[in-house]
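# Inside the fold
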Amino acid sequence: MTRPALAPALSGLLGAWLPRQRWFPVKTAEFTFEPAGALRLEPAGGAAGAATFEVLLLAVSYPTPGGSRTDIVQVPLSFRPEPLPGAERALIGELPGTRADNAHQWVYDGVHDAAFVAAWLELMRQGGTTPSGNATGHLVESGYRLPSGTGKVKVLSGEQSNSSVVIGSSVVLKMIRRVAAGTHPELEMGAYLTEAGYQHISPLLGAVVRVDGDGESNLLMIAQGYLSNQGDAWEWTQNNLERAVRDEMAHGHSNVEQHAHALLELRDFAGLLGQRLG
């Protein structure tokens, strides 16, 4: 397994940036990390000038009530020779001439870089393998087509443990931030249902899987068809219950019909969910 050495300047940037991310398992300064692997990918079609795209796998160790724990965390990085327009909030920091070519670099969270996303989609489309890091792209056999990753990208803000990027209005790339060895249920179930022609899920279009030093598969990212929605089922249920309670408190018994309507929506939704999931 490739174990790259982190430059002190980059290590310092990551040490300050990581605990501020929603998906990072630690929110305090009580953690250590070391490199557990790295992948490098060239921009699709030679785009993005002299940009360099890397994915670092960091072994993050931190204390828990049950003892010390170590997670493998995926950190996608885009190194740019000039600032990336519109990506100020994704900037991790600057490296002043510390890389091999001694050039000043702006370091970004890669999921906010459209060219970074396009390169990984192209790896899936081509079924290619990264030059380093032993990761391979895969397409799922189905009636769907994986689009190119050109154009604007939008990082969804609601997720706690992963990072999802909407490309255009047709596909979403989900970056698995905490990487684990073995078969990932979202990949296994999504591929099975998509290949079977099941219509009531976002179709799984592709994936990138890495083989670690022990020969175990590690899912790094998946591409799915994007379905515009009102949030997840749990959030929708909570909002509907909150609306029913708020109406009851505001109107007493004068608005029983509206109160009952909110509860009927919940009943109908639960019935439909049962039919869809069998």
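Residues numbered from 1 in each chain as written. Predicted model: local features only at pLDDT ≥ 70, side-chain atom pairs only at ≥ 80, totals over all residues. Heavy atoms only, no water.

## Looking at the overall build of the protein
Counting its regular elements, the protein contains five helices and twelve strands. In the protein, buried positions account for 41% of the 278 residues. When the accessible area of the protein is evaluated, it comes to approximately 15,000 Å², of which 53% is carbon and sulfur surface. (Helix = DSSP H or I, 4+ residues; strand = E, 2+ residues; numbered from the N terminus. Buried < 20%, exposed > 50% of the residue type's maximum accessible area, 1.4 Å probe, protein only. Areas by Shrake-Rupley, 256 points an atom, 1.4 Å probe, with all protein chains shown as cover.)

## Examining the packing of aromatic side chains
For any two aromatic rings, the description comes down to two numbers: the centre-to-centre distance and the angle of the planes. Here the structure, examined in full by the defined rule, presents six aromatic pairs. Ring centres of tryptophan 17 and tryptophan 23 lie 5.9 Å apart, and the angle between their planes is 65 degrees; on these two criteria the pair is classed as edge-to-face. The buried category is assigned to tryptophan 17, whose relative accessible area is 5%. What makes tryptophan 23 buried here is its relative accessible area of 6%. (Phe/Tyr/Trp six-rings, centres within 6.5 Å; stacked < 30°, edge-to-face > 60°.)

## Some points on helix H3 (residues 185-195)
All of the buried residues in H3 are Gly190, Ala191 and Thr194. Axial view of H3: buried residues confined to an arc of 100 degrees, hence all on one face. Along H3, the residues that are exposed and aim more than 90 degrees away from the buried face are Glu188, Met189 and Tyr192. On the buried face of H3, the contacting elements are strand E11 (204-211). Of the residues flanking the end of H3, it is glycine 197, one or two places downstream, whose phi is positive at about 80 degrees. (Arc of directions from axis to C-beta. Contact = heavy atoms within 4.5 Å.)

## A word on the sheet that holds strand E7 (residues 153-155)
An order of E6-E11-E12-E9-E8-E7 is seen for the six strands of this open sheet, with the pairing classed as antiparallel. Either end of the sheet is taken by a strand with one partner, and the two such strands are strand E6 (135-139) and E7. Each strand axis lies, on average, 20 degrees off the axis of its neighbour in the sheet, ignoring direction. One ladder, built from five bridges, connects strand E9 (residues 171-176) with strand E12 (residues 217-225); its direction is antiparallel. (Pairing = 2+ DSSP bridges. Axes fitted to C-alpha atoms, helices over the stretch in contact; angles between N-to-C directions.)

## Focus: the pairing of strand E3 (residues 67-80)
Pairing between strand E2 (residues 52-64) and E3: 13 bridges, direction antiparallel. Residue serine 61 lies in a different strand from E3, and its bridge partner there is threonine 70. In this structure, the hairpin formed by E2 and E3 is closed by a connection of two residues. With two bridges connecting them, E3 and strand E10 (residues 178-179) associate as antiparallel partners. Opposite valine 73, over in E10, you have arginine 178 as the bridge partner. Note that E3 and strand E5 (residues 105-109) share four bridges and pair antiparallel. Opposite phenylalanine 79, over in E5, you have valine 107 as the bridge partner.

## As for the pairing of E2
Within E2, ten of the 13 residues are buried, which leaves the element mostly enclosed by the surrounding structure. As judged from the nine bridges shared by strand E1 (residues 32-41) and E2, these two strands associate in the antiparallel manner. Looking at the pairing, leucine 41 lines up with phenylalanine 53 of E2.

## Quick word on the environment of histidine 200
Tracing the chain through its elements places histidine 200 in the loop between H3 and E11. Overall, histidine 200 belongs to the partly exposed group, its relative accessible area being 46%.

## Quick look at helix H1 (residues 8-17)
Since the α-helix advances by 3.6 residues per turn, residues separated by three or four positions end up pointing in the same direction. What H1 keeps buried is the set Leu10, Leu13, Leu14 and Trp17. Down the axis of H1, the buried side of the element spans an arc of 95 degrees, and every buried residue falls inside it. Taken together, the buried residues of H1 touch E1, E2, E3, strand E4 (91-95) and E5.

## Some thoughts on the pattern of salt bridges
Overall, the coordinates contain eight salt bridges when judged by the stated rule. With a shortest N-O distance of 2.8 Å, arginine 80 and aspartate 113 are connected by a salt bridge. Separated by 33 residues along the polypeptide, arginine 80 in strand E3 and aspartate 113 in the loop between E5 and helix H2 (114-126) bring together distant segments of the chain. With respect to burial, arginine 80 and aspartate 113 carry one shared label: buried. Here aspartate 109 makes a salt bridge to arginine 177, at a shortest N to O gap of 3.2 Å. Residue aspartate 109 is found in strand E5, and its partner arginine 177 is found in the loop between E9 and E10; the two are separated by 68 residues along the sequence. For arginine 177, a relative accessible area of 0% translates into the label buried. (Salt bridge = Lys/Arg side-chain N within 4 Å of Asp/Glu carboxyl O.)

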